[in-house]
Structures are given as structure tokens and as C-alpha cells.
Amino acid sequence: MNIGTKIKELRKKQDVTQEKLADYLNLSYQAVSKWENGLAYPDITLVPALANFFGVSADELLGLRCSEDDEEFHNYSETYKNNGNQGKVAENIELCRKVIEKHPRSFKWISNLARSLMSHYYHKYGGSYGDKSKVIIDEVILLCERIREDCTINELRHDAMQMLVFAYSEEGKHDFAVNIADEMPTLWISKEILLACAKEGEECVCQEQDNLMNLIDLSDQCLRSIATHDEKLSADDKIKIYETRIKLFDLIFDGIENTLFYNSRVYSSYYCLAEIYCGDEHFDTEKVLENLLLCEAAIIRYEAEEAGTGQKYKPVFLNKQKTNPSKIVKNYEHSLLKTMYDYISDDLFNKVRNHPEFITLMARLEGAK
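The structure presented is a predicted model; accordingly, all values stated were derived computationally and were not measured.

A. Structural context of the overall build of the protein chain. If you tally the helices and strands in the protein chain, you get 18 helices and zero strands. Summarising its shape, the C-alpha atoms of the protein chain cover approximately 85 × 50 × 40 Å along the three principal directions. Across the 369 residues of the protein chain, 40% fall into the buried class. The contacts in the protein chain between residues at least 6 apart in sequence include a share of 60% that link residues at least 24 apart. About 20800 Å² of surface is accessible on the protein chain, with carbon and sulfur atoms providing 51% of the total.

B. Structural view of the nonpolar core. If you look at the biggest cluster of nonpolar residues, it comprises 47 residues, and the most contacted ones within it are Phe-253, Leu-292, Ile-344, Phe-349 and Phe-358. Contributions of two or more residues to this core are made by α13 (201-229), α14 (235-252), α15 (260-277), α16 (285-306), α17 (336-344) and α18 (356-366). In terms of residue count, α15 provides more of this core than any other element does, eleven residues in total. Setting aside anything within four residues of it in sequence, one finds Ile-344 in contact with Tyr-271, Leu-292, Phe-349, Arg-353, Phe-358, Leu-361, Met-362 and Leu-365. Within the second largest apolar cluster, 36 residues are counted, among which are Tyr-76, Leu-95, Met-118 and Tyr-168.

C. Representation of unusual backbone geometry in the model. For Asp-15, which is not a glycine, the phi torsion comes out positive at approximately 55°. Looking at Asp-15, the relative accessible area reads 70%, which means it is exposed. The backbone phi angle of Asn-26 is positive, close to 60°, even though this residue is not glycine. Within the fold, Asn-26 resides in the loop between α2 (18-24) and α3 (29-36).

D. Examining the packing of α16 against α18 more closely. For the pair α16 and α18, the least separation of the axes is 11 Å and the interaxial angle reads 20°. The angle between the axes of α16 and α18 places the two elements in the roughly parallel class. Crossing handedness for the pair α16 and α18: left-handed. Between α16 and α18, the residues in contact are Leu-289, Leu-292, Leu-293 and Glu-296 and Glu-357, Phe-358, Leu-361, Arg-364 and Leu-365, respectively. Class assignment of the residues belonging to the contact of α16 with α18 gives a composition of six nonpolar, no polar and three charged.

E. Geometry of a negative patch on the surface. Residues Asp-230, Glu-231, Asp-236, Asp-237 and Glu-281 make up a contiguous surface patch of negative charge. Secondary-structure assignment places Asp-236 in helix α14. The class of Asp-236 is partly exposed, set by a relative accessible area of 47%.

F. Summary view of helix α6 (residues 71-85). A rise of 1.5 Å per residue sets the reference length of α6, with its 15 residues, at 21 Å; its end C-alpha atoms lie 21 Å apart and thus fit the reference within 8%. Looking at α6, one finds that the buried residues are Phe-73, Tyr-76, Tyr-80, Asn-83 and Gly-84. Projected onto a plane normal to the axis of α6, the buried residues spread over an arc of 100° and lie on a single side. Looking at the buried side of α6, the elements it contacts are α7 (89-102) and α8 (107-125). Once α6 ends, the next one or two residues include Gly-87, with phi positive near 75°.

G. Region of interest: the side chain of Ser-133. Within the secondary structure, Ser-133 sits in helix α9 (residues 131-150). For Ser-133, a relative accessible area of 1% gives the class buried. Within polar-contact distance, the side chain of Ser-133 engages the backbone nitrogen of Gly-130 at 2.7 Å. Leave out the neighbours within four places in its chain, and Ser-133 touches Tyr-121, Tyr-125 and Ser-128.

H. Representation of the packing of α6 against α7. Contact geometry for α6 and α7: axes closest at 9 Å, N-to-C directions at 160°. With respect to α7, the element α6 is oriented roughly antiparallel. Considering the relative orientation of α6 and α7, their crossing is left-handed. Where α6 approaches α7, its residues Glu-72, Phe-73, Tyr-76, Thr-79, Tyr-80, Asn-83 and Gly-84 are matched on the opposing element by Glu-91, Asn-92, Leu-95, Cys-96, Lys-98, Val-99 and Lys-102.

I. Examining the packing of aromatic side chains more closely. Applying the stated rule across the entire model yields 15 aromatic pairs. Between Phe-53 and Phe-54, the ring centres sit 5.0 Å apart and the planes meet at 90°, which makes this aromatic pair edge-to-face. Like Phe-53, the residue Phe-54 is buried in the burial classification. Taking the centre distance of 6.1 Å and the plane angle of 75° together, the rings of Tyr-76 and Trp-109 count as edge-to-face. In this pair, Tyr-76 sits in helix α6 while Trp-109 sits in helix α8, placing the two residues 33 residues apart along the sequence.

Calculation rules
Residues numbered from 1 in each chain as written. Predicted model: local features only at pLDDT ≥ 70, side-chain atom pairs only at ≥ 80, totals over all residues. Heavy atoms only, no water. Helix = DSSP H or I, 4+ residues; strand = E, 2+ residues; numbered from the N terminus. Buried < 20%, exposed > 50% of the residue type's maximum accessible area, 1.4 Å probe, protein only. Contact = heavy atoms within 4.5 Å. Areas by Shrake-Rupley, 256 points an atom, 1.4 Å probe, with all protein chains shown as cover. Core = buried A, V, L, I, M, F, W, Y, C linked by side-chain atoms within 4.5 Å. Axes fitted to C-alpha atoms, helices over the stretch in contact; angles between N-to-C directions. Parallel < 35°, antiparallel > 145°, perpendicular 65-115°, else oblique. Left-handed = near helix turned anticlockwise from the far one by under 90°. Nonpolar A, V, L, I, M, F, W, Y, C, P; charged D, E, K, R; others polar. Patch = residues over 30% accessible without salt bridge, like charges linked within 9 Å, V, L, I, M, F, W, Y side chains within 5 Å. Salt bridge = Lys/Arg side-chain N within 4 Å of Asp/Glu carboxyl O. Lys, Arg positive; Asp, Glu negative; His and termini not counted. Charge placed at Lys NZ, Arg CZ, Asp CG, Glu CD. Expected span 1.5 Å × (residues − 1). Arc of directions from axis to C-beta. Polar contact = N/O pair within 3.5 Å; in protein donor to acceptor, adjacent residues only side chain to side chain. Phe/Tyr/Trp six-rings, centres within 6.5 Å; stacked < 30°, edge-to-face > 60°.

Given below as C-alpha cells:
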């Protein structure tokens, strides 16, 4: 789009006169008129001031940012969302490449491609960095650095920086990752915390409940990371951490197990406990089987809710929140029960492989798709 046409469109939309815009830029209104009539172009040094005046990015002002209202992009976005909901990562990678080929400056779709590649990396290679997976991480870094350097939209830049922290960490370039992470805002001045301060009444309560859900997730992630990375932890220490993860969700959800959020988090804790009880230091057949059955039950409840239409949470401090299965984004197409079957087929569980209950469990899981 001609920049003069875009200036006129924004000026009319915001009910701004040519005189007012000219006054802001210390120019004559005739200069603005010439831009809008295509008789002249603004000096390049005026682009930041024009973008700030209208509250848009320089990309949008110059016609480099694709309109979110464009029907073509709306259809692309719906396809991308549906693929993500079904775990069709390969299809989303192909879709992103198709869109970028047509619109190489669409930073939103460059971001979508980078995130889809990260999902592919974690699903196909399990987060294991090697010669084959390096190609994926290298492309993620290339894409995200392009966004970081050229994009003027903060949301997309921050999203790219988040992925760069993950990607550089996977490559072992922790200094790079730390430097990028240090550029990000602190937790206490994040958008979510500030929105809770800015809103009032019912809107404030809804925002605080949303924040609480995020903080529960963050606490769970911290516990899981400590258990994974602290090499000095004993088996007893790890058992305590994973049991605490489950207690955290039991406390917050008031013992209500039939929730999407609850079951999508606790099943992994049960599986990790089964792994620990199958180790040499703490082998306990009954505990292994008990936790594997609890893991299976949580997955079954989760997948039943995933196929539903959503539900409200009952605890008074979460009663304005609702599960929304349509917003789930996965990096796998099969059932989690199939993943569980693959996991417990590992040699780690050989100690209990011939136990009747384990054989029955394997038989049930084997039919999962």
C-alpha cells in the first residue's frame, strides 16, 4: 500500500485533521496533503514519528505487516489453529513455509514457523540435541534472530526471544541464552501482573484468577526442573518433589480430579514416581504399579475432557475460569495412552514386566492409537 494512502486511512480512522498531524511533525499541512495525494513521500526520518503518532508499528505504516482482518490470513490462521489442536505439526510447518513464501515479511508467520519447528524438535527428538536435530534448532535460531532484529512488534519480538533462550540452551550456548533472558521484563512487571493492577471489579478478579492458574503452572514447572537438573538429589528427595507437585494441584483444585488442567499436569508426576520406584535405589513393585495405574487413569480423564466442550472450575478462587479444549496445542497426533505404552516398553520397566498387573496394563495400552 502507498504510504500516503495508509497515512490518510489512519488519519481518517482516528479523526485527525491534516493540520493537526502537520503541527505534530512541525510541517505544513500542504506537505501532508501531497503525501496523501501521492505527489510526494515523507522523509524516511519521519517514519518513527508517524508510527508513534498513530500508535502503529513502522511495518504496518509501510504496508509490510499483513492485516489480521485479511480473509486469506484468517483462513491460514484457522487452519494453523486446527492443526495445532490435532497435533499436526508437520502440516503446520508446511503451511508456515507456504505463507512465508508469499509474504516473506510476515513476522507473525515467521514466529509460527519457529514455534512449529520447536514442537517438532521436542516431539521427534525428545529434546535430544544431535546432528539431525541440530538442523532444526539452527533454523529456529535463524528465524527468531530475524524477528528480534527486524520486527518492531514487541509481542512477536518477546515470543522470538523466548524461543531463542530455549534454542540456545539446547545448543549448549547458555551465555547467549542468559543474555537474551536478561533483556526480558521481570515477572512482577509482566503484562498479566500489570493488567490485574489496571483492572477493577469483576475484570480484576478474572485477571487474578487467570494469573493464579499461570502461577500454579510456573510452580509446577519449577519443581519439575529442580527434580530434573539437581544431580545431588536422592531418590527420596525426588519422590518428595513429585508428590508435592501432585499435592499442589490437589490443594488448588480441591480434590476435583475431572478437570482438563489437573489431569494434564499430574499424569507426568505419577509416571516419574513409577520410574523412581523402578530404580535400583528404591525398587518397590507395588509402588511402580500403583503409580502407573494412577498415570493411566489421569490420562484417560484428561483425554475424555479434551474431547468435551469444556467446563468451569469449582473452587471459589477459580470459579470464573473455564477449560477450553479448542485452545489445546499439541506436538503429537496420537493418544497419550500410546505415548505411555511406548514409555513403559523401555527396558527400565523390565523388573516388573512379568507381573500380571503390568501385563494387563500393557495389553490395555497396546490398543491405543
